[in-house]
Amino acid sequence: MAFFSGKQVTIIIVSVVVLFIVMGVLTFAIGESGDETSDVQETTKTDVEQSEQKDTANIVIEEAMEGDPYQELNDLIGLTAVKEEVTSLANFVKLQKQREEKGMKTPKMSYHLVFTGSPGTGKTTVARIVARIYKDLGILKRGHTVETDRSGLVAEYMGQTAVKTNCLVDSALDGVLFIDEAYALVPEDGYGSDYGQEAISTLLKRMEDNRDRLVVIIAGYPKEMQRFIDSNPGLQSRFNRYINFPDYTADELVDIFKMYLKKNEYTMTADAEELLRTNVEYVVAHKTRNFGNARYIRNLFERSIQCQANRFSGKKGLSERQLTELTAEDIETAFKKQ
């Protein structure tokens, strides 16, 4: 039987202690490495979130309102051809639903839409109404509208656009995703590094994966929208129904101004209406491509009531008529400030 000397025992004990110390250090290092990896992942996630918060994304979520969307569509000023197109689409869907209930074959159809037209021609308003009509028809469960443009889909840095687009689509599920000026996703010259194509690819995949829960409506100038659709075969196959929004006539714009008057409990004098009509006719006759149509009239109305407020600045005890009536002076001053 072998015996160890005192010196040998001491060496063995020291070796064992050193071994345990080394193992502890290695275990700690591995744990720290794992924690560091987790920290990096969290940091990356935080950076993405902070980056998205810095983006000036134009995103509006419009919940489906109560009421009759069909009546609201018919009550819109002008847009006769648009109303006919939307009504025709709704009638077609209703008939296909009846065929489906009887076990008959129904053709596959796309509910995605392309709205073409100048700014301020009612595209966003009609998109909201269409979302509610789709809800009434049973196509969508929620019928809300998520409104955005390029800024809501495209991120600033590589690898973030898909995440951003997916998040936006998630918020639009069971409703309508409305993309204004969608052609901005594709550079006009088709060259250069741009994340717009990544947004389009991500959107097309989600449209396929969530085809029963998502309707996309894209909008913009006719020529630019055609260029956009032609840029990608996937867009061509999914967007095949176009609705054109014509510019408003001078008479329709005057009617829109009167609508704002009534809605906000204002009136105007006869000479104010005459001046309004004369000026609107001139503006329409000399409008540029970027003319704002109903948006222009809304701004004009807001400036008119501001001019009225300035005219009565400092005066008290005003009568109900003075508080509600716009004069030719108010209209004339508002036009000069447009």
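Above this note sits the structure.
Trainee: Quick question: what am I supposed to make of the packing of aromatic side chains here?
Mentor: The description of two aromatic rings rests on the distance between their centres and on the angle between their planes. For the structure shown, the criterion picks out 7 aromatic pairs. Taking the centre distance of 6.5 Å and the plane angle of 40° together, the rings of Tyr-183 and Tyr-221 count as tilted. Here Tyr-183, found in the loop between strand E4 (175–180) and helix H7 (196–209), pairs with Tyr-221, found in the loop between strand E5 (214–220) and helix H8 (222–230); they are 38 residues apart in sequence, far enough to count as distant. Judged by its relative accessible area of 11%, Tyr-221 is buried. Here the aromatic cluster, defined as three or more aromatic residues joined through ring pairs, consists of Phe-257, Tyr-260, Tyr-266 and Phe-301. Looking at Lys-94, its charged tip hangs above the ring of Tyr-70, at a distance of 4.8 Å from the centre. Across from the ring centre of Tyr-221, 3.9 Å away, lies the NZ or CZ of Arg-289, which sits over that ring.

Trainee: Hey, could you run me through the pattern of salt bridges in this one?
Mentor: Using the criterion set out here, one finds 17 salt bridges in the structure. Here Glu-273 makes a salt bridge to Arg-277, at a shortest N to O gap of 3.9 Å. Pair noted here: Glu-273 and Arg-277 are both in helix H11 (residues 270–285), with a separation of 4 residues, about one helical turn. You can call Glu-273 partly exposed: its relative accessible area is 25%. Of the residues examined, Arg-277 reaches a relative accessible area of 26% and is grouped as partly exposed. Within the structure, one salt-bridge network assembled from shared partners comprises Asp-251, Lys-258, Glu-273 and Arg-277.

Trainee: In this structure, what is going on with the sheet that holds strand E2 (residues 113–117)? I would like to understand it.
Mentor: Consider a sheet: its strands pair through backbone hydrogen bonds, and that pairing is either parallel or antiparallel. Strands sit in the order E1-E3-E4-E5-E2-E6 across an open sheet of 6 strands; the sheet is mixed. The open sheet is flanked by strand E1 (59–62) and strand E6 (242–245), the only strands paired with a single partner. On average, each strand axis in the sheet is tilted by 20° relative to the strand beside it, whichever way the strands run. Running at roughly 135° to E4, helix H6 (residues 161–172) makes contact with E1, strand E3 (145–148), E4 and E5 of the sheet. Lying on the sheet, H7 is in contact with E4 and E5; it crosses E5 at an angle near 140°.

Parameters at a glance
Residues numbered from 1 in each chain as written. Predicted model: local features only at pLDDT ≥ 70, side-chain atom pairs only at ≥ 80, totals over all residues. Heavy atoms only, no water. Phe/Tyr/Trp six-rings, centres within 6.5 Å; stacked < 30°, edge-to-face > 60°. Helix = DSSP H or I, 4+ residues; strand = E, 2+ residues; numbered from the N terminus. Buried < 20%, exposed > 50% of the residue type's maximum accessible area, 1.4 Å probe, protein only. Lys NZ or Arg CZ within 6 Å of the ring centre and 35° of its normal. Salt bridge = Lys/Arg side-chain N within 4 Å of Asp/Glu carboxyl O. Pairing = 2+ DSSP bridges. Axes fitted to C-alpha atoms, helices over the stretch in contact; angles between N-to-C directions. Contact = heavy atoms within 4.5 Å.

Keep in mind these numbers describe shape, not what the thing actually does.
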